[in-house]
Amino acid sequence: MSETPAPPPAPQTSLFVNGWFPRHRALCFLVGALGGFLLSYLWSASLADETIGFNSADAMLGHSASTAPIGSIASGIVFAFVSGLAGSFTACNVAVFGAVGPLVGRAEGRRTKVLQTLRPVGWLTVGMVPVSALYGAIVGVVGTRMPQYSNAGGHGITPRTAQSMIAFGVVGAVMIVMGLAALGVVKDPLARVSRRFPNAPLVLMGVLIGGFLIGRPYPLFRKMFQHAANTHNPLYGAVAFTLQSVGNIIVMALLFLLLSYGLGGRVQRYLAANPTRASVLTATTFLIAGFFTVLYWDVRVLHRLNYLWFPTPPWS
């Protein structure tokens, strides 16, 4: 993968498209697409959801997260945050780590204060919270009549499955387009809005992260979903769903802080030595996350329902 820029560089159009495009864009695309495919093939839901997710939640709550009932709104709020944090490494949250590369690629350096370094995460939150809160409030009003709670249709594409496929399909497609824009393969779709609102790409990433809840089938989230729906309390639904999303980005934020602040500035010096490296990092992380999301939540689901073929690992 060549890191030599083709001079002169194109002008920067948004936070994630700096205009320094790699010479071998096809190779960058291939690495991202192949990475997303391999991750979707190798992924073990039982390991991520149960071994890691359930055990982490059990340890933080001090009891079985999957079997113990949620006794009150207060305990439900705690459960929402804990289950979100415990679900950091589930398939429905992997795409959040696609933001790490782009964030690191634009970090200012080790001398920047920690709070300033985390400012981009704040802009992510600006986009994430309204989506999570609004969806939680809707769940609190509509209750278990939501399509995400319905398995009507038997073994085919149920409303729950359809909503999951649509939600994650859109998230994955947007991330692929952003990766292609970072490579200069397609026109930056955020160029115009970024001229007026420079942090619009970060807000969009936050919207995508908040959108994970719209398709999420994770068992602990489903348990929180049912409790919020049964209370018919839109305020509780909004708070619980927001805390679920906040829990989802904690590990990502810590990883971003480690890479951009805690390694003595080596990452920043490496990227600053050649701006094309930031483009490669941004593009490949977006492409890996985007292709994984589309392949795992759409293609692999259709394979499981016998609509098409997708390779299956021995442990699946």
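Quick note: structure is the one above.
Residues numbered from 1 in each chain as written. Predicted model: local features only at pLDDT ≥ 70, side-chain atom pairs only at ≥ 80, totals over all residues. Heavy atoms only, no water.

J.: Could you clarify how one ought to interpret the overall build of the protein in this entry?
T.: Within the protein one finds 13 helices and zero strands. Counting helices and strands in the order they occur from the N terminus, the protein gives α-α-α-α-α-α-α-α-α-α-α-α-α. Along the first, second and third principal axes, the C-alpha set of the protein runs to 60 × 45 × 35 Å. In the protein, 81% of the contacts between residues at least 6 apart in sequence involve partners at least 24 apart. (Helix = DSSP H or I, 4+ residues; strand = E, 2+ residues; numbered from the N terminus. Contact = heavy atoms within 4.5 Å.)

J.: Is there a simple way to think about the environment of Ala74 in this case?
T.: On the secondary structure map, Ala74 appears in helix α3 (residues 73-86). For the pair formed by Ala74 and Pro234, sequence separation is 160 residues and the distance between their alpha carbons is 15 Å.

J.: Looking at this model, I keep getting lost on the environment of Asn306. Mind explaining?
T.: Checked against the element boundaries, Asn306 lands in the segment after α13 (276-304). When the C-alpha atoms of Asn306 and Ser44 are compared, they prove to be 19 Å apart, with 262 residues separating the residues in sequence.

J.: What's the story with helix α1 (residues 25-42) in this structure? I'm lost.
T.: Three or four residues apart is the spacing at which side chains of an α-helix point the same way, because the helix has 3.6 residues per turn. Helix length check: α1, at 18 residues, gives a terminal C-alpha distance of 26 Å against a target of 26 Å (1.5 Å per residue), a fit within 8%. If you check which residues of α1 are buried, you get Cys28, Gly32, Ala33, Gly36 and Ser40. One face of α1 carries all of its buried residues, which in axial projection span an arc of 125 degrees. Within α1, the exposed residues directed more than 90 degrees away from the buried face are Ala26 and Leu30. Taken together, the buried residues of α1 touch α7 (159-183) and α13. (Expected span 1.5 Å × (residues − 1). Buried < 20%, exposed > 50% of the residue type's maximum accessible area, 1.4 Å probe, protein only. Arc of directions from axis to C-beta.)

J.: Whenever I open this one, the nonpolar core confuses me. Can you help?
T.: Nonpolar side chains tend to gather and get buried jointly when the protein is soluble and globular. Ranked by internal contacts, the top residues of the largest apolar core, which has 59 residues, are Val139, Met175, Met205, Phe225, Phe241 and Met252. In terms of residues, this core owes the most to one element, helix α11 (residues 234-261), which gives seven residues. Setting aside its immediate chain neighbours within four residues, Phe225 contacts Tyr135, Val139, Met146, Gln148, Tyr149 and Phe241. Counting residues in each nonpolar core, the second largest holds ten residues, with Ile176, Leu183, Ala283 and Phe291 among its members. (Core = buried A, V, L, I, M, F, W, Y, C linked by side-chain atoms within 4.5 Å.)

J.: What should I look at first to understand the packing of helix α10 (residues 219-231) against α11 in this one?
T.: To characterise two packed helices, one gives the angle between the axes of the helices and the distance between these axes. Interhelical geometry of α10 versus α11 gives an angle of 165 degrees and a closest axis separation of 9 Å. Taken together, the axes of α10 and α11 lie roughly antiparallel to each other. Viewed along their axes, α10 and α11 form a crossing whose handedness is right-handed. The residues of α11 that touch α10, namely those facing Phe221, Met224, Phe225, His227, Ala228 and Thr231, are Tyr236, Gly237, Ala240, Phe241 and Gln244. In terms of residue class, the contact of α10 with α11 is made up of seven nonpolar, four polar and no charged. (Axes fitted to C-alpha atoms, helices over the stretch in contact; angles between N-to-C directions. Parallel < 35°, antiparallel > 145°, perpendicular 65-115°, else oblique. Left-handed = near helix turned anticlockwise from the far one by under 90°. Nonpolar A, V, L, I, M, F, W, Y, C, P; charged D, E, K, R; others polar.)

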